[in-house]
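# Summary of the model geometry
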Amino acid sequence: MQTLVIVSHPYPEQSVAIKSLQQIAEQTADVTVRHLETLYQNDLARFDIAAEQKAHEAADRIVYLFPIHWFNLTPMLKAYLNQVWSYGWSFGPNGTALKDKEMQVVVTAGANALTYSEQGLIRSSMDEVLTPMKASAYYVGMKYNQPLAFYGAVGASPETLATFQAAFAERLQTPLGSVLLK
């Protein structure tokens, strides 16, 4: 099984939790990591679309690793999906490049889990916040895994980061089809 991890963080120099998770991915066999801001320096028009599509085509599972940014994707990841998931490649006539691949969304949130609940400040669950990723996966024929969310990432202790890393390492090794959203 080949896994592609697409990492995005709008402020990579400030990233602690995402960096720690990226390190786990880089140390895992059969995993390719592509950090968008490192590759493209926050230039939303600079993507090497052919290279990114080729990386996606070589993978069985595609992980999108990012911090929740104003209850959404990072700007870089949104622009990336808009350009890389092109008509005729991922959807539309003959657009089946992602069909039957698994999408795994892994996010960090600075806020606690209560914030992402009906009783919390935003009155929305993390699953609701991630609905556009789920809808996109289904639209292009992907299988959608249960998202993995790490709360309280801002200022997380080394012990908490180690817990995040262990959970992510386990998810990267999970056999295909075993954490699909029902």
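Residues numbered from 1 in each chain as written. Predicted model: local features only at pLDDT ≥ 70, side-chain atom pairs only at ≥ 80, totals over all residues. Heavy atoms only, no water.

### What about the pattern of salt bridges?
Here the structure, examined in full by the defined rule, presents three salt bridges. The closest approach of N and O atoms between E102 and R61, which form a salt bridge, is 3.2 Å. Of this pair, E102 sits in strand β4 (residues 102-108) while R61 sits in strand β3 (residues 61-67); the two residues are 41 residues apart in sequence, bridging distant segments of the chain. You can call E102 buried: its relative accessible area is 3%. We note a salt bridge from K99 to D100, for which the minimum N-O separation is 3.8 Å. The exposure class of K99 is partly exposed, given its relative accessible area of 47%. (Salt bridge = Lys/Arg side-chain N within 4 Å of Asp/Glu carboxyl O. Helix = DSSP H or I, 4+ residues; strand = E, 2+ residues; numbered from the N terminus. Buried < 20%, exposed > 50% of the residue type's maximum accessible area, 1.4 Å probe, protein only.)

### Side note on the pairing of strand β2 (residues 31-35)
Sheet topology places strand β1 (residues 3-7) next to β2; five bridges connect them, and they run parallel. Bridge pairing in β2 places L4 opposite T32. (Pairing = 2+ DSSP bridges.)

### Observations regarding the side chain of S20
Checked against the element boundaries, S20 lands in helix α1 (residues 17-26). With relative accessibility at 6%, the residue S20 sits in the buried group. From its side chain, S20 meets the backbone oxygen of A17 in a polar contact 2.7 Å long. In contact with S20, not counting residues within four places along its chain, are L161 and Q165. (Polar contact = N/O pair within 3.5 Å; in protein donor to acceptor, adjacent residues only side chain to side chain. Contact = heavy atoms within 4.5 Å.)

### Let's talk about empty space enclosed by the protein
This model, assessed by the stated rule, comprises one cavity of 30 Å³ or more. Volume-wise, the largest cavity comes out at about 40 Å³. If you go around the largest cavity, the residues you meet are I68, N72, L73, V129, L130, P132 and M133. (1 Å grid on protein atoms, 1.4 Å probe; cavity = no way out; pocket = protein on both sides within 12 Å on 5 of 7 lines; lining within 4 Å. Points joined across faces, edges and corners; volume = space filled by probe spheres on them.)

### Thoughts on the packing of aromatic side chains
Scanning the entire structure with this criterion turns up ten aromatic pairs. Geometrically, the ring pair formed by Y138 and Y144 is edge-to-face, given 6.1 Å between the ring centres and 65 degrees between the ring planes. Y138 sits in the partly exposed class, given a relative accessible area of 42%. A residue is classified by how much of its surface remains accessible, and Y144, at 3% relative accessible area, is buried. Following the ring pairs from residue to residue traces out a cluster consisting of W70, F71, Y116 and Y151. (Phe/Tyr/Trp six-rings, centres within 6.5 Å; stacked < 30°, edge-to-face > 60°.)

### Here we look at the packing of α1 against helix α7 (residues 158-173)
The geometry of α1 relative to α7 is characterised by a closest axis approach of 9 Å and an angle of 40 degrees between their N-to-C directions. Taken together, the axes of α1 and α7 lie oblique to each other. Between α1 and α7 lies a crossing whose hand is right-handed. Touching A17, S20, L21, Q23, I24 and A25 of α1 are L161, F164, Q165, F168, A169 and L172, all from α7. Considered class by class, the residues forming the contact of α1 with α7 number nine nonpolar, three polar and no charged. (Axes fitted to C-alpha atoms, helices over the stretch in contact; angles between N-to-C directions. Parallel < 35°, antiparallel > 145°, perpendicular 65-115°, else oblique. Left-handed = near helix turned anticlockwise from the far one by under 90°. Nonpolar A, V, L, I, M, F, W, Y, C, P; charged D, E, K, R; others polar.)

### Considerations on the packing of helix α3 (residues 49-57) against helix α4 (residues 75-84)
Axis separation between α3 and α4 bottoms out at 10 Å; the angle between their running directions is 85 degrees. Between α3 and α4, the angle falls in the class roughly perpendicular. Contacts between α3 and α4 involve I49, E52, Q53 and H56 from the former and Y80, Q83 and V84 from the latter. Partitioned by chemical class, the residues of the contact of α3 with α4 number three nonpolar, three polar and one charged.

### Describing the layout of surface pockets
Approximately 300 Å³ is the volume found for the largest pocket. The wall of the largest pocket is formed by 16 residues, among which H9, Q14, P67, T108 and V154 lie closest to the centre. For the lining of the largest pocket, the per-class residue count stands at ten nonpolar, six polar and no charged. It is helix α6 (residues 131-139) that contributes the most residues to the lining of the second largest pocket, four residues altogether. Looking at the lining of the second largest pocket residue by residue, the classes come out as eight nonpolar, four polar and one charged.

All quantities given are derived from atomic positions and should not be read as evidence of function.
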